[in-house]
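Examination of the molecular architecture
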Amino acid sequence: MSKLFITVLNMSITASFAALIIIFARMLLRKSPKIFSYALWAVVWFRLICPVSFESALSLLPGQNLMFYNVDTLANPNALSEQYGAGGAVKQTLESTLTAVNTSSNANLIDTAVKIAAAVWILGIAIILCHSAISYLKLRNRISTATFYKDNIFETDQIHTPFVLGLMRPRIYIPTGLEQKELDYILKHEQIHIKRRDYVIKPIAFFTVVLHWFNPIVWISYFLMSKDMEMSCDEEVIRQSKEDIRVSYSRSLLSLSMKQSGLLAPLAFGESNIKTRIKNILNYKKPALWAICPACILVVAISMALAANPSDKIEYLASAEKFLEYKTDYVGDASKVGNIISLLDFPENINYSYFELHTENVPYGITVHLNTDAKTRNKYTGAINQTPFEKNAIIMFSLIGNVDYINFNLTDGQNDYLIQYTKDQADAMVGKDIREFSLDKKTFAQLLKIGDKIEESFINENKNSSITTIGGADGPLKMYETDKVDKSEQIVAFAWEVINKDIAYYEENPEVKIIDSKITRLERIESFDDLTDKTIDVYALEYRLLPEDLSKVVLAGGMDVDDDGWLKETSSMGSPLLVVSRDDDSIEFIGIVMTGTAVEEGSLKTVVRELLEKNQ
């Protein structure tokens, strides 16, 4: 039910944009026959019931940044959604919210919120339908004694205005005591409704509105459509008349006017909006052909532009076509693998050198060797800054059939740093088999576009803000903005200072060699403004160290190893917390406190204050 609700929400948001444009278009068409305004509402109805559409560069609808994604993506904000374009969600807003606290708790919170919203949605539908059903049954009861007049026309003294009722065999019901001249106008009006199948269109439109009852723009659209329907019908009666009947027709309309009763009202001659309808009738002139043609062109153009989804940018489709030319089922196809790598974009100051294929035994892999300088290599050490490589790994996994892992080896000529991704990690990032994104050009273009959005966001944050991460060692890290001052590299440097001391501790044993290390969490968890004249920030630090031979490592109390053989940062005193001071001009590393000490003292602030006093 939650997925259905999200789908309806997507359609409702898209249709709202279409409706707003049509409301504006009605103003442009105010002097044109109302049949054109009436026809425009068909595209809103299409958007309200159809979750898919064709794509066009001429679409007037916004792109994916304003749309909700499906419920699976809400629960997993790290996943790349395939719903990209006019039918997709408010992704950036969700990400900025979700990254403020733990991802899993946010997922549960959002999932619960969606389920509650879906339940309220269903309840609202049930209430409106029950109310409408009761109103309909009351009306049927009132006309149950109607007598046959002629053809499909029935007469009764229980109603005050004529209307059409029925879907399969529509009938015209008229009140008793009508003058013949009035009756002629009425019958022409109602017969035009029947001829145009308005008696079918209006109930369908109503039930569509019920589906989207939570959206006020949809209700406004429904009432405006009903208004345009009646005014266009009035105009058609006048147009077909051989004499000027505008005044007498208006008098009949006024004498038989009524307020609508119930939401699902039948097609009544004297419905509400009487003032507007009479004004439109009195001002009506039979349109000339030269005035009709521009209106026709405008209606067709707007309808096509609103029915279409925004298309993928030409450059993404062109890039997708180039990549897909080298798609292969075999990691051993060196020519195609090489061409795929040559099409990848690498960060500034990182240059592609060559690649190696590891195909002797399962698992099969690829190592991409990259040349850089020491400063750039250090920047991409650990998981924090590796989003550009994550994007490239996803592209490669999508295109290369049986590759199990991909390495990016950064070297400055003296030291190497290896970044590794596995096929399972890639599948987890996108929420399904990554290779499904390379089934066709359009889908792969979406993957490229989303990847660029992620990398662009990473670059902007890395330039203008302090980067903090949440998540663990077993999944991709999420980034969010904490400070306007760019001090992220200093915080990372402080973290590596702590990690290198831990590495040195392990390597005091000559039999132990740490061959790799990575930061898995660096998150600001607390700030204090009342301890010194500077702001004191506390960062949770989690990291992993990979020993060459785990059996040589002596694990003291509290030390732990993860499932892949990496040493964790934990000890008998818990995990380290970085304490730093900052102001507008500088940032300084104070030292570390341990989580175990904070628990014993009962207050993190107390432990931080003791550290500050110790350093004075």
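Our structure is the block above this text.
Procedures and definitions
- Residues numbered from 1 in each chain as written.
- Predicted model: local features only at pLDDT ≥ 70, side-chain atom pairs only at ≥ 80, totals over all residues.
- Heavy atoms only, no water.
- Salt bridge = Lys/Arg side-chain N within 4 Å of Asp/Glu carboxyl O.
- Helix = DSSP H or I, 4+ residues; strand = E, 2+ residues; numbered from the N terminus.
- Buried < 20%, exposed > 50% of the residue type's maximum accessible area, 1.4 Å probe, protein only.
- Core = buried A, V, L, I, M, F, W, Y, C linked by side-chain atoms within 4.5 Å.
- Patch = residues over 30% accessible without salt bridge, like charges linked within 9 Å, V, L, I, M, F, W, Y side chains within 5 Å.
- Areas by Shrake-Rupley, 256 points an atom, 1.4 Å probe, with all protein chains shown as cover.
- Lys, Arg positive; Asp, Glu negative; His and termini not counted.
- Charge placed at Lys NZ, Arg CZ, Asp CG, Glu CD.
- Arc of directions from axis to C-beta.
- Axes fitted to C-alpha atoms, helices over the stretch in contact; angles between N-to-C directions.
- Parallel < 35°, antiparallel > 145°, perpendicular 65-115°, else oblique.
- Contact = heavy atoms within 4.5 Å.
- Pairing = 2+ DSSP bridges.

Some remarks on the pattern of salt bridges
- Taken as a whole and judged by the stated rule, the model has 19 salt bridges.
- The salt bridge involving Asp433 is made with Lys423; its shortest N-O contact spans 3.2 Å. Within this pair, whereas Asp433 is found in the loop between helix 16 (423-430) and helix 17 (441-464), its partner Lys423 is found in helix 16, the two being separated by ten residues in sequence.
- In this structure, Glu569 engages Arg544 in a salt bridge whose closest nitrogen and oxygen atoms are separated by 3.0 Å. Of this pair, Glu569 sits in the loop between strand 16 (567-568) and strand 17 (576-582) while Arg544 sits in strand 15 (residues 535-547), and the two are 25 residues apart along the sequence. Side by side, Glu569 and Arg544 carry an identical accessibility label, which is buried.
- Linked by salt bridges that have partners in common, Glu230, Asp234 and Arg277 make up one network.

Describing the nonpolar core
- If you look at the biggest cluster of nonpolar residues, it comprises 41 residues, and the most contacted ones within it are Ile22, Leu40, Trp41, Val44, Met225 and Leu306.
- Among the elements of the structure, helix 1 (2-28), helix 2 (34-49), helix 5 (103-142), helix 7 (198-211), helix 8 (216-240) and helix 11 (289-307) are those that each provide at least two residues to this core.
- A total of eleven residues in this core trace back to one element, the largest contributor, which is helix 1.
- Grouped together as the second largest cluster of nonpolar side chains are 38 residues, Val337, Leu370, Ala393 and Phe444 included.

Digging into a negative patch on the surface
- Where like charges cluster on the molecular surface, the negative patch consists of Glu600, Glu601, Glu610 and Glu613.
- Elements with a minimum of two residues in the negative patch: helix 19 (595-601) and helix 20 (604-615).

What about unusual backbone geometry?
- Each neighbour pair has its own omega, and for Val362 with Pro363 the value is 5°, a cis peptide bond.
- Within the secondary structure, Pro363 is located in the loop between strand 8 (351-358) and strand 9 (365-371).
- Backbone geometry at Asp151 places phi at a positive 50°, although glycine is not the residue there.
- Residue placement: Asp151 occurs in the loop between strand 2 (147-150) and strand 3 (153-156).
- Assessed through its relative accessible area of 64%, Asp151 is described here as exposed.
- Not every positive phi belongs to a glycine, and Arg197 is a case in point at roughly 65°.
- Tracing the chain through its elements places Arg197 in the loop between helix 6 (180-195) and helix 7.

Here we look at helix 13 (residues 334-343)
- Looking at helix 13, one finds that the buried residues are Val337, Gly338, Ile340 and Ile341. Buried residues of helix 13, viewed axially, fall in a sector of 160°; they line one side.

Observations regarding a nonpolar patch on the surface
- Taken together, the side chains of Met1, Leu4 and Ile122 present a nonpolar region at the surface, about 290 Å² in accessible area.
- Within the secondary structure, Ile122 sits in helix 5.
- Owing to a relative accessible area of 36%, Ile122 belongs among the partly exposed residues under this scheme.

Focus on the packing of helix 1 against helix 11
- Two elements in contact, helix 1 and helix 11, have axes whose closest approach is 11 Å; the angle formed by their N-to-C orientations is 170°. Classified by the angle their axes make, helix 1 and helix 11 are roughly antiparallel. Contact with helix 1, carried on its side by Ala18, Ile21, Ile22, Ala25 and Leu28, involves Leu298, Ile302 and Leu306 of helix 11 and no other residues of that element.

Some words on the pairing of strand 17
- By the criterion of burial, strand 17 is predominantly enclosed, with seven of the seven residues buried.
- As paired strands, strand 15 and strand 17 are joined by six bridges and run antiparallel to one another. If you follow Asp537 over to strand 17, its bridge partner there is Val580.
- By the bridge criterion, seven bridges tie strand 17 to strand 18 (residues 587-594) in an arrangement that is antiparallel. If you follow Arg582 over to strand 18, its bridge partner there is Ile587.
- The antiparallel pairing of strand 17 with strand 18 creates a hairpin that spans four residues between the two strands.

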